[in-house]
Structures are given as structure tokens and as C-alpha cells.
Amino acid sequence: MPARIQLISTDFDGTIVSHASDPVFDPECMRLIRELQEEGAIWAINTGRSVSLLEEGLEDFAFPFQPDFILTSERDVFRPTAVGWEPFGDWNERCAQAHAELFHSASSVLAEVIDFVNHRTKARVIYEANAPAGLIATGEEEMDRLTRFIDQAKRHEPKFHYQRNTIYLRFCHADYHKGAALAELSRLTKISREHVFAAGDHHNDISMLDGRYAAYCACPANAIDPVKEAVRQTGGWVARTEFGAGVHEALAHFLK
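How each quantity is defined
Residues numbered from 1 in each chain as written. Predicted model: local features only at pLDDT ≥ 70, side-chain atom pairs only at ≥ 80, totals over all residues. Heavy atoms only, no water. Helix = DSSP H or I, 4+ residues; strand = E, 2+ residues; numbered from the N terminus. Rg over C-alpha atoms; globule rule 2.2 N^0.38 Å. Buried < 20%, exposed > 50% of the residue type's maximum accessible area, 1.4 Å probe, protein only. Pairing = 2+ DSSP bridges. Axes fitted to C-alpha atoms, helices over the stretch in contact; angles between N-to-C directions. Contact = heavy atoms within 4.5 Å. Core = buried A, V, L, I, M, F, W, Y, C linked by side-chain atoms within 4.5 Å. Expected span 1.5 Å × (residues − 1).

Trainee: Teacher, can you tell me more about the overall build of the chain here?
Mentor: The helix and strand inventory of the chain stands at eight helices and 12 strands. Its C-alpha atoms give the chain a radius of gyration of 18 Å, near enough to 18 Å, the size a compact globule of 256 residues would have. Taking the principal axes of its C-alpha atoms as reference, the chain extends roughly 55 × 35 × 35 Å. In the chain, which comprises 256 residues, the proportion classed as buried is 52%.

Trainee: I tried to follow the sheet that holds strand β7 (residues 131-136) on my own but got confused; where do I start?
Mentor: Strand pairing in a sheet takes place through backbone hydrogen bonds and is either antiparallel or parallel in direction. Strand order in the open sheet made by the four strands is β6-β7-β9-β8, with antiparallel pairing throughout. Since the sheet does not close on itself, it has two edges, and those belong to β6 (124-128) and β8 (160-165), each with one partner. On average, each strand axis in the sheet is inclined to that of its neighbour by 35 degrees, with strand direction left out of account. The pairing of β6 with β7 spans five bridges and is antiparallel. What sits directly across from Val-125, in β7, is Leu-135. Along the sheet, helix α4 (residues 107-120) contacts β6, β7, β8 and β9 (168-173); its crossing angle with β6, the most-contacted strand, is approximately 135 degrees. Set on the sheet, helix α5 (residues 140-153) makes contact with β7, β8 and β9; between it and β8 the angle comes to about 170 degrees.

Trainee: Where do I start with the nonpolar core in this structure?
Mentor: Side chains that are nonpolar tend, in soluble globular proteins, to be buried together. Core analysis: the biggest nonpolar cluster contains 31 residues, and Ile-5, Ile-16, Trp-43, Phe-63, Phe-197 and Leu-251 have the highest contact counts within it. Within the residue set of this core, elements represented by two or more residues are α1 (27-38), β2 (42-46), α2 (51-60), β10 (196-199), β11 (216-219) and α8 (243-255). Met-208, Tyr-213, Cys-217 and Cys-219 belong to the second largest nonpolar core, which has 28 residues in total.

Trainee: Explanation requested: α1 in the structure shown.
Mentor: Helical geometry: 3.6 residues make up each α-helical turn, so side chains three or four residues apart lie on a common side. Taking 1.5 Å of rise per residue, 12 residues should cover 16 Å, and α1 covers 16 Å from first to last C-alpha, within 8% of that figure. Looking at the buried residues of α1, the elements they touch are β1 (7-10), β2 and α8. Directly beyond the C-terminal end of α1, a positive phi value near 115 degrees is found at Gly-40.

Listed below in C-alpha cells is the structure:
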């Protein structure tokens, strides 16, 4: 294996997984990732799913092998143990503290957003532990309208942000996202940006595809246009094939 790719970071739904296929993963892509693992590379799934939802997906879709690390909820970093996944370092703790402080200081922004959602849209607010965590829109057009409103409402709270994926949105701290989680994993594993490959398909993947945290960036053909543009801007690979086949195509390209 060329030493240049030592860490592979892939989104899950829409990138490695195609829900319309059977199996949902591309066998050639999985075979290549497994070969790279055997030659010393590590594979991290970088997803908006929680740990439990990702575990369910890996089991339900009968993935042939496990990732080396998982980066979940678009910000947390976990490593495997004999009994499951555990936080890797103190990143998750620092992340949770930063979010608690932000949501306290930005409570007026949250209140304004929730009022807008409840009275002027058909979207609904998602709550976790009795606190607002995000939104579900009725479609992409409504989500565009929601993000425009949030951008206006948060102009005096620059650290208040969101992660968007299709009709789903999660409120978050601007400093914590898929790219930042990938950077922390790179630091903990002592793998520099020059040896990192990243692939994704939607808005919430752009932070790991803009060239800051991965030298080799890619997206499958089913990626949305802003993702394709971000990948092109880094000199990355916009695949001609979709989902896992596109990830396989990109890996093969960079490994030549």
C-alpha cells in the first residue's frame, strides 16, 4: 500500500451505504478497504448517526467487518473495546462542555428559531433529554428556508451553528463538526493530513472535504452539488459512479 493513505474517513448513509441496493454496500469497495486495513491503514466511519444507530446499521446491513474507529453525531470520537465503543481521549467531554455552554449563552437564538419553526413552518423540533437538539423539515425547500432564518437569527452568536443532512438538521457549536472530529482522530493516531482520505456526499460532510483535514478528498456521483464543488476546489476526485462504487473509484484513483 502506498504510504500516502493511512487513514480512511467515510460517511455512512449515502456514501458507503446505498439504501436502494442489495447489499447496501459495494463489495469491491469493502474489499479494497479491508485490504488497506490489512496493510496498515485505519478506517473510520464519520457519520451523523449516534453510536447505537450506527451499531444497528452495521448489524442490520451485515457489514463484513468493523471500522477501526467511529466518529458519531458529527462530532464525537470513539475507539473499540472488547465490550463496545469508548470515548478516545477527552475530546467528547470537551465537546459536550462546549455545547452546554453555547446552548446556555445562545438560549435566545434557540427560542427564536423554535418559535419560527412552530408558527411559520411545517417542520418539527427534535428534543433530546428535554432540550432542543435539531429539526426535521418536510423537504429540502423548507430546509433551505429554515437555514436562511437560522443564519439570520444567529448573527450575534457566531459559535451557534448547525449540521444539515437532507431534511435533518442538528444544532451545534461551530468548532465541532466532522472535519474537527477527523482532525482529532488524526492527532490521536499521529497520522498527518497528508496521509488522510475522506469521502462524503452531503452538507454535513463538507467540513472534512475542504482540504483542511484530508489531502485526498472525494465524493460519489450521487453527492449534492455543493459537495462536488468543495471536492473540486481541493483537487479531489468527483466519482462517476455512485455510493460505495464511487468511494472505490476514488480510492483506486489515489492509490495509482
